[in-house]
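Read off the chains here:
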Amino acid sequence: MQPDAILFVISLANLSARRFATVANGLAAATALPSRLVRLEGTDQNLPQALDALRDEGHTSILVQPIGLPFPESLIAWLPGALATWSLLPGNDDVTLSVGSEASDDPALLSHFVTTALENADNATPVAKAKPSLGKPGWQNPPDFRHHLLVCTGPRCHYRDAASLLHALKDETNRQGIASQCLTARTGCLFPCNQGPMVALYPKGEWYRLADKTALARFVSEVLVQGQTAHDLLIHTAKAARQPALSTKDNS
């Protein structure tokens, strides 16, 4: 069955919004079919939201096409099951999904990539003009913070709306007046994928599942501001926090 829409998926969490828009527009211009571009990790629209949007536009046959040279093998293996999970949700019965082949398996595409690179070699940037540098001034100094918040935005947590969690967490810590005390970092997979979206809190060593705005507000108020433990939201405690004396002995 020929698709009536294409959903392009990429695995580039750090791609800038400007570059993301450029790629999305380029892909849209290359096909006559309606299309969207979505990241499987990161801080913007997630896979189910993109599928919902195409469904709501009336599309009933969607090709999900991975874009990347190469595309991560773990995500190639994960993607069909994730799409099948979406298909089981109410309202999705009439939508047929298929997954396109991984681009780097196509010798003609790889050949085109090499040919294009060589044709544009005269426009390459000479390294001799670059100033030697591995960072920016001051980047050797960690910020002064009380709480290190690790927000998983890997593909499985991103599927469960971790992208919104990252922004909402920053907004909530700012609203409750402790944003300057928190170093909030986006991470890849932290293992408890089936319990996402999640946040790991250090140096306290506690991991929390924050499934909605109510849980998020409680986490900031009870855990970060008041220094308590929200046991009903807690999914894991690091070994060093559970058994500090034993952990010290193991590391000696």
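Cut-offs used in this document
Residues numbered from 1 in each chain as written. Predicted model: local features only at pLDDT ≥ 70, side-chain atom pairs only at ≥ 80, totals over all residues. Heavy atoms only, no water. Buried < 20%, exposed > 50% of the residue type's maximum accessible area, 1.4 Å probe, protein only. Helix = DSSP H or I, 4+ residues; strand = E, 2+ residues; numbered from the N terminus. Pairing = 2+ DSSP bridges. Axes fitted to C-alpha atoms, helices over the stretch in contact; angles between N-to-C directions. Contact = heavy atoms within 4.5 Å. 1 Å grid on protein atoms, 1.4 Å probe; cavity = no way out; pocket = protein on both sides within 12 Å on 5 of 7 lines; lining within 4 Å. Points joined across faces, edges and corners; volume = space filled by probe spheres on them. Nonpolar A, V, L, I, M, F, W, Y, C, P; charged D, E, K, R; others polar.

Colleague: Residues and numbers for the pairing of strand E1 (residues 5-10), please.
Modeller: For E1, the tally of buried residues reaches six of six residues, placing the bulk of the element in the interior. Side chains Ala5, Leu7 and Val9 of E1 all project onto a buried face; the interleaved residues Ile6, Phe8 and Ile10 project onto the opposite face, where all are buried too. The pairing of E1 with strand E3 (residues 61-66) spans five bridges and is classified as parallel. Bridged to Leu7 within E3 is Val64. Both E1 and strand E2 (residues 35-39) contribute to a ladder of five bridges, which runs parallel. Counted as the bridge partner of Ile10 is Arg39 from E2.

Colleague: Outline the sheet that holds E3, listing residues and values.
Modeller: Pairing in this open sheet of four strands is parallel, and the strands run E2-E1-E3-E4 from one edge to the other. If you trace the sheet from one side to the other, it starts and ends with E2 and strand E4 (96-99), each paired once. Going across the sheet, the axis of each strand differs from the next one's by a mean of 25°, ignoring polarity. Packed onto the sheet, helix H1 (residues 17-29) meets E1 and E2 and runs at close to 145° relative to E2.

Colleague: Give me the lowdown on the layout of surface pockets, citing residues and values where you can.
Modeller: Within this model, the largest pocket holds a volume of roughly 380 Å³. The wall of the largest pocket is formed by 13 residues, among which Ile67, Gly68, Leu69, Ala103 and Leu109 lie closest to the centre. Those elements that place two or more of their residues in the lining of the largest pocket are H1, E3 and helix H4 (107-119). Tallying contributions element by element places H4 first for the lining of the largest pocket, with four residues. Residue classes in the lining of the largest pocket are distributed as eight nonpolar, five polar and no charged. Counted as a void, the second largest pocket has a volume near 210 Å³.

Colleague: Could you give me a rundown of the environment of Glu206, with the residues and numbers involved?
Modeller: Position of Glu206 relative to the elements: it lies in strand E8 (residues 206-209). C-alpha of Glu206 to C-alpha of Leu7: the two residues are 199 residues apart in sequence and 37 Å apart in space. With sequence-adjacent residues up to four places away left out, Glu206 is seen in contact with Val199, Ala200, Leu201, Val223, Thr229, Leu234, His236 and Thr237.

Colleague: Got a sec to walk through the pairing of strand E7 (residues 198-202)? Specific residues and values, please.
Modeller: Of all five residues that make up E7, four are buried, and the element is covered over most of its length. Relative to E8, E7 runs antiparallel, the two sharing four bridges. Among the inter-strand pairings, Val199 is bridged to a residue of E8, identified as Tyr208. Linking E7 back to E8 in an antiparallel pair, the connection comprises three residues, with Gly205 at a positive phi of about 75°.

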